Structures are given as structure tokens and as C-alpha cells.
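Close look at the chain arrangement
Listed below, chain by chain, are the residues.
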Amino acid sequence: MTTGTHAGLPDQYGVAGHPIAHSWSPFIHGMFAKATAQNLVYRLFDIAPEDFRRETLRLFTSGVRGLNVTLPHKQAAAELVNELTPRAARAQAVNTIAYFDDIQLLGDNTDGVGLITDLEQNLGLQLAHARVLVLGAGGAVRGVLAPLLERDLEQLVIANRTAVRARRLAADFSDLGPVVGCGFSEIEGPPYDLIVNGTSASLQGEMPEMPVGLIGEETVCYDMAYGRGHTPFTLWARSLHAKRTTKGWGMLVEQAAASFALWRGIKPNTQPVLAALAEHR
Ligand SMILES: NC(=O)c1ccc[n+]([C@@H]2O[C@H](COP(=O)([O-])OP(=O)(O)OC[C@H]3O[C@@H](n4cnc5c(N)ncnc54)[C@H](OP(=O)(O)O)[C@@H]3O)[C@@H](O)[C@H]2O)c1
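Because the structure is predicted, anything quoted here is derived from the model rather than measured. (Residues numbered from 1 in each chain as written. Predicted model: local features only at pLDDT ≥ 70, side-chain atom pairs only at ≥ 80, totals over all residues. Heavy atoms only, no water.)

Some words on the environment of valine 94
As for its placement among the helices and strands, valine 94 is situated in the loop between helix H4 (86-91) and strand E5 (96-100). Apart from the residues lying within four places of it in its own chain, the contact partners of valine 94 are Val69, Lys74, Ala77, Ala78, Leu84, Ala88, Gly107, Asp108 and Asn109. (Helix = DSSP H or I, 4+ residues; strand = E, 2+ residues; numbered from the N terminus. Contact = heavy atoms within 4.5 Å.)

The structure is reproduced here in C-alpha cells:
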């Protein structure tokens, strides 16, 4: 695959979402670009759902080389691109679009590798034989199910406010390992090794009502959401004495590094960016 460049001018990248003003992606990609001496700019594009197809195609026509795609556009992005990587095809959700002269718009999904890298390498967790509960059944969860199941889990439970979406997702991924889907009220103990919050409830300042007995003294609780201070999910987990609570900063940086590698052919070092973000949050 080849990418065209306009000699001397920085290549254009960005993130499309709605809302998007809170995004740290320009900061992260700015640090990656500086560290790897890449001549690029990275901007925020606030695009409403009804405008996503038209605006995204307009951006690529006007010379944009790559986009990250975030809430609520990941499934629409999978329908827009010309070709999907195998992991994006499996997820039917795209968080990274790259323009290449030969195939034009390639859709990838780096959320899974972002979460797994953070869990295993940054947090030092062993996922093999773990019992894992994932809350939510939206675009982000679609991206992380296959890489989680590839870790040889003992059990993966997907629970969602709209239970039918969780059941459908579990059926879609059941060839990869032991996975079931249910509504929140149907989740059963004993306590899980890992609970991942992939709902957007934290962004609304909410924590859905959960049954008792899901968190024990060895349970690690991971909120994909990020921001300053605690989220309703991490507060809930702390109140039940979870072993460890963490937010999605590491996933954010690791998925960004994988997007950057697809666009530029260089894998940036994530540790300086994680350290810089730790000072800001
Ligand atoms: N750290 C990272 O790198 C990273 C990457 C991707 C996403 N994220 C975060 O992950 C979260 C989900 O993103 P997404 O793209 O998957 O969003 P999405 O596709 O819009 O899905 C939203 C999910 O949240 C559920 N939900 C929404 N409001 C809820 C509420 N009040 N109570 C319970 N459930 C609720 C929805 O349930 P229904 O099906 O019932 O509507 C759905 O399962 C966001 O917080 C996002 O910021 C973080």
C-alpha cells in the first residue's frame, strides 16, 4: 500500500465524533508525531450522525490521510470504507480509517489491541483462564471481544442495558470461546477476575444498577471511559473494595499508537505519552 503526500505540507489527520471537544487525541498524536519526526497535523471534527458519510467523504476528498472514529460513528464507519482489516470485519466497527492510493479507504479497529496492551503490558494482568464481565454492547465493546476471547478466558459475560444486543453479540462471537450475553439484572456471581465498563454511562455521570456479588477482593475494575477523577463506575467498584480500579487512559494511548502505526508505518513509544497524561489528569 502507498500513501501520497503533498511535498512540504503536513499530512492531515484527525478524529471524527459527536461530541468531540473533550478528546485528548490531538495531544497524543501531536506527541507521537514529534517523537517520530512526522510532518502531520491532527484535528477534531465534530460530525453529527446524519452527516457522517457526507462529511467523512468530503474530508478524504479534500486531502485528509487518516481519521480516528469515535462515539457514535464506529459502526457507520465500518459501512463507509472500501475494505476492512480482518479484526475490523470481525468487530463490524471501525475506529481508524486510512487513505491509501490503491485501495482508498481502509477501515481498522485498534480498540482491542489498545485494551489488551494496557491490561497485559501496562497493568501486568494475566488474562488466561480469567472470568471476565464486559458491560455494554456498543462500538467499543465490539472491538475488544475477539482479542479478549483469544486470551483463552474461562468465561466472558457481556451484559447490556438492552439485553438483546448483548445476546446478539455473544452469539456473533461464540465461535471464539465461552461467551454469553444478558441484561444487567441477570448477571450472576461468583465475583469476576476482571470487569470492564464499555458503556457510555460514565460520560452521563451514571452507573447502572448491578446485582450484588460481582466484585471480590481480587476483582480488577476497568472503565474504558477517561477523564479527571473518579467515574461512577470506579466509585462503585471502590465502594465494594475491588482490588484495583483504573480508567481508559492506557487503552486510549495504545489504540492511538496502533492507528499511528497503520498511517505512518512507525510504532511510537507510548510510555512518554502515558507519563505526560498522568500529569494532566
Ligand atoms: N479508552 C478508550 O480508548 C476508549 C475507546 C473506545 C471507547 N471508549 C469509551 O467506551 C464507552 C462506550 O463507547 P462506544 O463507542 O461503545 O459507545 P456506543 O457505541 O454509543 O455504545 C454505548 C453503550 O453504552 C450503553 N449505555 C449508554 N448509556 C447508558 C446508561 N445510562 N446506562 C447503561 N448503559 C448505557 C449502551 O447501551 P444500549 O445498547 O442499551 O443503548 C451501549 O451498550 C464510552 O465511554 C467511550 O468514551 C474508550
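Thoughts on the sheet that holds strand E10 (residues 194-197)
Reading across from one edge, E9-E8-E7-E10-E11-E12 is the order of the six strands in this open sheet, with parallel pairing throughout. In the strand order of this sheet, the two ends are held by strand E9 (179-183) and strand E12 (244-247), each with one partner. Neighbouring strand axes in the sheet, compared pairwise and without regard to direction, differ in orientation by 15° on average. As paired elements, E10 and strand E11 (residues 220-223) share four bridges and run parallel to each other. Its bridge partner being in E11, leucine 194 is matched across the sheet by valine 220. (Pairing = 2+ DSSP bridges. Axes fitted to C-alpha atoms, helices over the stretch in contact; angles between N-to-C directions.)

Regarding the sheet that holds E5
The strand order E2-E1-E3-E5-E6-E4 describes an open sheet built from six strands, whose pairing is mixed. At either margin of the open sheet sits one strand with a lone partner, and together these are strand E2 (40-46) and strand E4 (83-84). Pairing of strand E3 (residues 64-69) with E5, which is carried by three bridges, proceeds in the antiparallel orientation. Looking at E5, one finds that asparagine 68 is bridged to threonine 96. The sheet strands contacting helix H9 (residues 249-264) are strand E1 (11-17), E2, E3, E5 and strand E6 (104-108), and the helix crosses E5 at an angle near 10°.

Here's the deal with the pattern of salt bridges
Applying the stated criterion to the full structure yields nine salt bridges. In this structure, the salt-bridge partner of aspartate 11 is arginine 264, at a minimum N-O distance of 2.8 Å. With a gap of 253 residues between them, aspartate 11 in strand E1 and arginine 264 in helix H9 connect regions that are remote in the sequence. A salt bridge links aspartate 51 to arginine 54; the nearest nitrogen and oxygen atoms lie 3.4 Å apart. (Salt bridge = Lys/Arg side-chain N within 4 Å of Asp/Glu carboxyl O.)

Quick word on the packing of H9 against helix H10 (residues 271-280)
Describing two packed helices takes the angle between their axes plus the distance from one axis to the other. Following both chains from N to C, one finds H9 and H10 inclined at 145°, their axes separated by 10 Å at the closest point. Pair H9 / H10 crosses with right-handed handedness. Here H9 contributes Trp249, Gly250, Val253 and Glu254 to the contact with H10, which in turn contributes Val273, Leu274 and Leu277. Residue composition of the contact of H9 with H10, grouped by class: five nonpolar, one polar and one charged. (Left-handed = near helix turned anticlockwise from the far one by under 90°. Nonpolar A, V, L, I, M, F, W, Y, C, P; charged D, E, K, R; others polar.)

Section: the packing of helix H1 (residues 25-35) against H9
Closest axis-to-axis distance for the H1/H9 pair is 10 Å, and the angle between their directions is 50°. Accordingly, the angle class assigned to the pair H1 and H9 is oblique. Here the hand of the crossing between H1 and H9 comes out right-handed. Contacts between H1 and H9 involve Ile28, His29, Phe32 and Ala33 from the first element and Leu252, Val253, Ala256, Ala257, Phe260 and Trp263 from the second. (Parallel < 35°, antiparallel > 145°, perpendicular 65-115°, else oblique.)

As for the site of the ligand
Close to the ligand lie 28 residues, the nearest being Ala140, Asn160, Thr162, Arg165 and Glu206. Interatomic distance of 2.9 Å between a backbone N/O atom of glycine 139 and an oxygen atom of the ligand. In the model, an oxygen atom of the ligand is placed 2.5 Å from a nitrogen or oxygen of the threonine 162 side chain. In the complex, the protein chains occlude 89% of the 930 Å² of accessible area that the ligand would expose alone. Elements represented by at least two residues in the shell around the ligand include exactly helix H6 (139-149) and H9. (Near = heavy atom within 4 Å. Polar contact = N/O pair within 3.5 Å; in protein donor to acceptor, adjacent residues only side chain to side chain. Areas by Shrake-Rupley, 256 points an atom, 1.4 Å probe, with all protein chains shown as cover.)

Some words on the nonpolar core
Membership of the largest hydrophobic core comes to 30 residues, with the highest contact counts inside it found for Leu119, Leu148, Leu156, Leu194 and Tyr222. Going through the elements one at a time, helix H5 (111-122), strand E7 (131-135), H6, strand E8 (155-160), helix H7 (163-173), E10 and E11 are the ones with two or more residues in this core. The biggest single contributor to this core is H6, with six residues. If sequence neighbours within four positions are ignored, leucine 194 has contacts with Leu119, Leu125, Leu127, Arg131, Val132, Leu133, Val220 and Tyr222. Core analysis: the next-biggest nonpolar cluster, separate from the first, contains 21 residues, Ile20, Leu106, Ala256 and Phe260 among them. (Core = buried A, V, L, I, M, F, W, Y, C linked by side-chain atoms within 4.5 Å. Buried < 20%, exposed > 50% of the residue type's maximum accessible area, 1.4 Å probe, protein only.)

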